[in-house]
Amino acid sequence: MAVELSPKMQEFTQEVYPAIIGTNRKDGSVQINPVWFEFQDGSFWINGGTNRGWFKHLQRDPRITLLLIDPKNMFRWAQVQGRMVDWAEDPGGEHINHLSHRYTGRDYQNPRTGRIKIQIQPERIKGSIDGWGR
Amino acid sequence: MAGGADAVATLNPAVRALVGQPILTVVGTKRGDGSLQLNPAWFEFADGYFWLNSNRWRTWPKNVQRDGDITLAFIDASEPFRWASIRGRLADVIPDPNHEFIDGLARRYTGRAFRELRPGEERITLKIEPVSVTGEMI
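So, a few notes on the structure that sits alongside this text. Throughout, residues of each chain are indexed from 1 in the direction in which the sequence is written. Chains carry letters and ligands carry numbers; both start at the beginning, A for chains and 1 for ligands, and go up in the order they are written. Residues qualify for local features only when their pLDDT is at least 70, as the model is predicted, and side-chain atom pairs are given and counted only at 80 or more; totals for whole chains, interfaces and linings, by contrast, use all residues. Heavy atoms throughout the structure, all of them, feed into the side-chain values; hydrogens and water do not.

## Regarding the overall build of chain B
No. 1: Elements are defined by DSSP. Helices are runs of H or I of four residues or more, strands are runs of E of two residues or more, and each kind is numbered from the N terminus. Each helix and strand counted, chain B has four helices and seven strands in total.
No. 2: Along the chain direction, N to C, the helices and strands of chain B fall in the order α-α-β-β-β-β-α-β-β-α-β.
No. 3: For 138 residues, the compact-globule estimate of 2.2 N^0.38 gives 14 Å, and the C-alpha radius of gyration of chain B, at 15 Å, lies within 12% of that figure.
No. 4: In terms of its C-alpha atoms, chain B occupies a principal-axis envelope of roughly 40 × 35 × 30 Å.
No. 5: Three labels apply to residues, based on accessible area from a 1.4 Å probe with only protein chains included: buried if under 20% of the type maximum, exposed if over 50%, partly exposed otherwise in between. Looking at chain B as a whole, 51% of its 138 residues are labelled buried.
No. 6: Between two residues, a contact is recorded if the distance between any of their heavy atoms is within 4.5 Å. If you take every contact in chain B between residues at least 6 apart in sequence, the share linking residues at least 24 apart comes to 69%.
No. 7: A total accessible area of about 6,300 Å² is found for chain B, and carbon and sulfur atoms account for 50% of it.
No. 8: Here Asp and Glu are counted as negative and Lys and Arg as positive; His is not counted, and neither are the chain ends. By convention, the charge on Lys lies at NZ, on Arg at CZ, on Asp at CG and on Glu at CD. Charge-centre separation for chain B: the mean point of 17 positive side chains lies 4 Å from the mean point of 17 negative side chains. Both definitions apply: the radius of gyration is a C-alpha atom measure, and the globule rule equals 2.2 Å times residues to the power 0.38. With residues, only the protein chains shown are counted as cover, and all accessible areas are computed by Shrake-Rupley using a 1.4 Å probe.

## With respect to the side chain of Asp 76 of chain B
Residues and elements named next belong to chain B.
No. 1: With respect to the secondary-structure elements, Asp 76 resides in the loop between strand 5 (69-75) and strand 6 (83-95).
No. 2: Relative accessible area serves as the criterion here: at 7%, Asp 76 is assigned to the buried category.
No. 3: Ignoring any residue separated from it by four or fewer positions in sequence, one finds Asp 76 in contact with Leu 18, Gln 21, Ile 23 and Arg 82.

## Some thoughts on unusual backbone geometry
No. 1: Look at Asp 41 of chain A: it is not a glycine, yet its phi comes out positive at around 55°.
No. 2: Assignment of secondary structure puts Asp 41 of chain A in the loop between strand 3 (37-40) and strand 4 (43-49).

## Digging into the interface of chain B and chain A
No. 1: Taken together, the contact pairs 26 residues of chain B with 29 residues of chain A.
No. 2: Buried area: the accessible surface (1.4 Å probe) lost by two parts on joining, summed over both. When the two sides are added together, the surface that chain B and chain A hide from each other amounts to roughly 2,300 Å², 66% of it contributed by carbon and sulfur.
No. 3: The largest contributions to the chain B side of the interface with chain A come from Leu 36, Leu 38 and Phe 81 of chain B, which together make up 29% of the buried area.
No. 4: Only one rule defines a salt bridge in this text: a Lys or Arg side-chain nitrogen within 4 Å of an Asp or Glu carboxyl oxygen. In this structure, the connection of chain B to chain A is made through one salt bridge.
No. 5: The shortest N-O distance in the salt bridge between Arg 87 of chain B and Asp 27 of chain A comes to 2.7 Å.
No. 6: Under this definition, polar contacts are N or O atom pairs within 3.5 Å; protein pairs additionally need one hydrogen-donor-capable and one acceptor-capable atom, and for neighbouring residues in sequence, both atoms have to be side-chain atoms. For the pair chain B and chain A, the interface holds eleven residue pairs in polar contact (both at pLDDT 80 or more).
No. 7: Tallied by class, residues from the side of chain B that touches chain A come to 13 nonpolar, eight polar and five charged. When residues are sorted by character, Ala, Val, Leu, Ile, Met, Phe, Trp, Tyr, Cys and Pro go into the nonpolar class, Asp, Glu, Lys and Arg into the charged class, and all the rest, Gly among them, into the polar class.

## Regarding the environment of Gly 104 of chain B
Residue and element names in this part refer to chain B.
No. 1: Here Gly 104 shows up in helix 4 (residues 100-110).
No. 2: Looking at Gly 104, the relative accessible area reads 36%, which means it is partly exposed.
No. 3: In the structure, Gly 104 is positioned 60 residues away from Glu 44 in sequence and 9.7 Å away in space, judged by C-alpha atoms.

## Observations concerning the layout of surface pockets
A probe as big as a water molecule, rolled over the atoms, marks out the empty space that is left.
No. 1: Size it by volume and the second largest pocket reaches roughly 470 Å³.
No. 2: Of all the secondary structure elements, the ones that give two or more residues to the lining of the second largest pocket are strand 2 (30-35), helix 2 (53-60) and helix 3 (94-104) of chain A together with strand 6 and strand 7 (123-136) of chain B.
No. 3: Residue contributions to the lining of the second largest pocket peak at five residues, all from strand 2 of chain A.
No. 4: Class assignment of the residues belonging to the lining of the second largest pocket gives a composition of eleven nonpolar, eight polar and three charged. Put plainly, a pocket is an open set of points on a 1 Å grid over the protein atoms alone with protein on both sides within 12 Å along at least five of seven lines, a cavity is a set where a 1.4 Å probe fits but cannot get out, and a lining residue has an atom within 4 Å of a point. Grid points are joined across faces, edges and corners, and a volume is the space filled by probe spheres set on the points.

## Here's the deal with the nonpolar core
No. 1: Working definition of a nonpolar core: buried Ala, Val, Leu, Ile, Met, Phe, Trp, Tyr and Cys residues. They are joined through side-chain atoms within 4.5 Å. Ile 20 of chain A together with Trp 42, Phe 43, Phe 50, Leu 52, Leu 72 and Phe 74 of chain B are the most contacted members of the largest nonpolar core, which totals 40 residues.
No. 2: Top element by residues in this core is strand 5 of chain B. It accounts for five residues.
No. 3: Look past the residues within four positions of Trp 42 of chain B in its chain and what remains in contact with it is Met 74 and Phe 75 of chain A together with Leu 24, Trp 51, Leu 52, Ile 102, Leu 105, Ala 106, Tyr 109, Thr 110 and Phe 114 of chain B.
No. 4: Ile 21, Phe 44, Tyr 108 and Ile 129 of chain A belong to the second-largest nonpolar core, a separate cluster that totals 30 residues.

## With respect to the sheet that holds strand 6 (residues 77-89) of chain A
Residues and elements named next belong to chain A.
No. 1: The strand order across the open sheet formed by seven strands is 2-1-5-6-7-4-3, and the pairing between neighbours is antiparallel. In this open sheet, the two strands that pair with only one neighbour each are strand 2 and strand 3. Geometrically, the sheet is characterised by an average inter-axis angle of 35° between neighbouring strands, direction not taken into account.
No. 2: We treat two strands as partners when DSSP finds at least two bridges between them. When strand 6 meets strand 7 (residues 115-127), the two strands line up antiparallel, connected through eleven bridges. Each residue of the ladder has a partner; that of Met 84, found in strand 7, is Ile 120.
No. 3: Axes here refer to lines fitted to C-alpha atoms; in helices the fit is confined to the stretch in contact. Angles between the N-to-C directions go from 0 to 180 degrees. Across the sheet, helix 3 is in contact with strand 2, strand 3, strand 4 and strand 7; its angle to strand 3 comes to roughly 100°.

This is the structure we're talking about:
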């Protein structure tokens, strides 16, 4: 069940830092990767390639957890448990280029082909941004 | 020491340099229902093991004690794509009744002793044996 982000969380997601994602490997262990993200229209959006290990994990088990943490203040963080609800090709790498501008202020420097855009619906939020109990 | 020396050998010099810094580790564990939990935590790498500290109330140390399995990611906030991840196994859980270990960790990160413990809070130190390096972009 999707949840809405609190105003504080919505503000926090506009700050620029990578999301650290956790996915489920087939053997039951957790894989962790840093990725660029944006939060828009109630969903988190990340970008990848179909050959990525973490994307293969999501196709088998769509559960994903994002850890958002302020690189300048380790006590500001949120854990978002969510689910991949959709993914689509990113023709021309439009979305990765958009993310590149958010993070680096310039065009994406690597090849823009074969990219995909992944939509993640938040289901549960924990951490210090909303207060510990939530 | 079973596995100790061999396990250290799996960390190359770049990864060792990374884990020698007072950066946070991201702890990946599984809840009972198979969903994923990620938490930031303080750590120290010494004698071939990763040492973390928590209390008996938190979910992530409970998950580790149930599964014996843990993933640790080390991400340098100033260069986020300079990172490494290891898969580890719980080697020991050591009570920290006088909060000496957590005070030492707190000094490493904040320069001060840890906060006052809450009533009934029992600190524990988790000794993690690195099994393999699973992600690396250093």
